[in-house]
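Residue strings, one per chain:
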Amino acid sequence: YIKDAMELFEQLKRDENLRVNTRVLNALVELHTNALRVDELDANILPLYDKHKVKPDVYTYQRLAKMYFNLAEYDLVKNLYLDLKKEPKDSASAIKPNQMLFDSVLQAAGRTNDAEVVYSALTDFIEIKQEPHFRCLNTLNNMKHIPDRLYVLLRENVGWSGQMTRRTREFELPTFREKPSR
């Protein structure tokens, strides 16, 4: 399929009545991500966005995040999300993450116990008035250490769904300063 798709893409480039747009490139991205062809994707497909002056959209990021998540490259999923966060939200071309992208980010951050990324993604999730998938909430509920502000955010916004079921919190043992010797 990849060979056929690339031949079709070359025909499209030769036809002066057709333009390369986001949908065409996203189809190539989807084909490569479903086949888990990371090297070909990085070397051949992603540079096409710059070459044809086409801006990736939320579906591009969604497919990349899902592929990296399936390959257990959790840091790459988090980096994709953090790159999206760097773009100004005010601009008309700003990419607004959707639920599938947030789910991948939350699961990746939950599996790596990265509470800061979980908190950031969860506040963005709440901002768009969506609720994470129950698998994401289970992953978050099983994190080793949930900081208080994250725990409160989860309890106040998604706790009613029954996923945040810890009745007792696990706190780290307190550390005491030693008395200065005189």
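Each remark here, short or long, concerns the structure printed above.
Keep in mind the model is a prediction, meaning the values are calculated, not measured.

(A) Examining the packing of helix α4 (residues 58–70) against helix α5 (residues 74–86) more closely. In contact at an axis separation of 7 Å, α4 and α5 are set at 160° when each is read in the N-to-C sense. With respect to α5, the element α4 is oriented roughly antiparallel. For the crossing formed where α4 meets α5, the hand is left-handed. Along the contact surface, α4 presents Tyr61, Leu64, Ala65, Tyr68 and Phe69, while α5 presents Tyr74, Leu76, Val77, Leu80 and Leu84.

(B) Spatial organisation of the environment of Ile126. Take Ile126: it is sitting in helix α7 (residues 115–127). Along the chain, Ile126 and Leu154 lie 28 residues apart, while their C-alpha atoms are 9.9 Å from each other.

(C) View of the pattern of salt bridges. Applying the stated criterion across every chain yields a total of seven salt bridges. Where Glu116 meets Arg149, a salt bridge forms, and the shortest distance between an N and an O atom there is 2.6 Å. A residue pair is termed long-range when its members are at least 10 positions apart, and Glu116 in helix α7 and Arg149 in helix α9 (residues 148–157) qualify at 33 residues. Residue classification places Glu116 among the exposed positions, given a relative accessible area of 52%. Members of the salt-bridge network, linked through shared partners, are Asp75, Lys78 and Asp114.

(D) Inspection of the packing of aromatic side chains at higher detail. As enumerated under the stated definition, the model contains three aromatic pairs in all. One cation-aromatic arrangement involves Arg149 over Tyr119; the distance from NZ or CZ to the ring centre is 4.0 Å.

(E) Region of interest: the packing of helix α3 (residues 38–51) against α4. It is at 14 Å that the axes of α3 and α4 come closest, and there the two elements cross at 170°. With respect to their mutual orientation, α3 and α4 come out roughly antiparallel. Seen from above, α3 lies across α4 with left-handed handedness. In contact with Val38, Leu41, Asp42, Leu46 and Tyr49 of α3, α4 contributes Thr60, Leu64, Met67 and Tyr68.

(F) Quick peek at the nonpolar core. Formed by 46 residues in total, the largest nonpolar core has its most connected members in Leu25 and Leu106. Looking at this core element by element, the count peaks at seven residues for α4. In contact with Leu25, other than residues within four places in its own chain, are Phe9, Val20, Ile45, Leu48, Tyr49 and Val54.

(G) Local environment of helix α1 (residues 2–14). Look at α1: 19 Å from first C-alpha to last across 13 residues, which is about the 18 Å you get at 1.5 Å a residue. Among all positions of α1, only Ile2, Phe9 and Leu12 are buried. With its buried residues spanning 75° around the axis, α1 presents them on a single face. The outward face of α1, more than 90 degrees from its buried face, is lined by the exposed residues Lys3, Leu8 and Arg14. Among the structural elements, α2 (22–34) and α3 are those in contact with the buried residues of α1.

(H) Quick peek at the environment of Ala109. In this fold, Ala109 is placed in helix α6 (residues 99–111). Between the C-alpha atoms of Ala109 and Cys136, which are 27 residues apart in sequence, the distance is 9.8 Å.

(I) Expanded view of unusual backbone geometry. Its identity is not glycine, yet Lys53 carries a phi of approximately 55°, on the positive side. Counting through the fold element by element, Lys53 comes out in the loop between α3 and α4. At Asn113, a residue that is not glycine, the phi angle is positive and equals roughly 55°. Considering the arrangement of structural elements, one finds Asn113 in the loop between α6 and α7. The exposure class of Asn113 is partly exposed, given its relative accessible area of 38%.

Parameters and conventions
- Residues numbered from 1 in each chain as written.
- Predicted model: local features only at pLDDT ≥ 70, side-chain atom pairs only at ≥ 80, totals over all residues.
- Heavy atoms only, no water.
- Axes fitted to C-alpha atoms, helices over the stretch in contact; angles between N-to-C directions.
- Helix = DSSP H or I, 4+ residues; strand = E, 2+ residues; numbered from the N terminus.
- Parallel < 35°, antiparallel > 145°, perpendicular 65-115°, else oblique.
- Left-handed = near helix turned anticlockwise from the far one by under 90°.
- Contact = heavy atoms within 4.5 Å.
- Salt bridge = Lys/Arg side-chain N within 4 Å of Asp/Glu carboxyl O.
- Buried < 20%, exposed > 50% of the residue type's maximum accessible area, 1.4 Å probe, protein only.
- Phe/Tyr/Trp six-rings, centres within 6.5 Å; stacked < 30°, edge-to-face > 60°.
- Lys NZ or Arg CZ within 6 Å of the ring centre and 35° of its normal.
- Core = buried A, V, L, I, M, F, W, Y, C linked by side-chain atoms within 4.5 Å.
- Expected span 1.5 Å × (residues − 1).
- Arc of directions from axis to C-beta.

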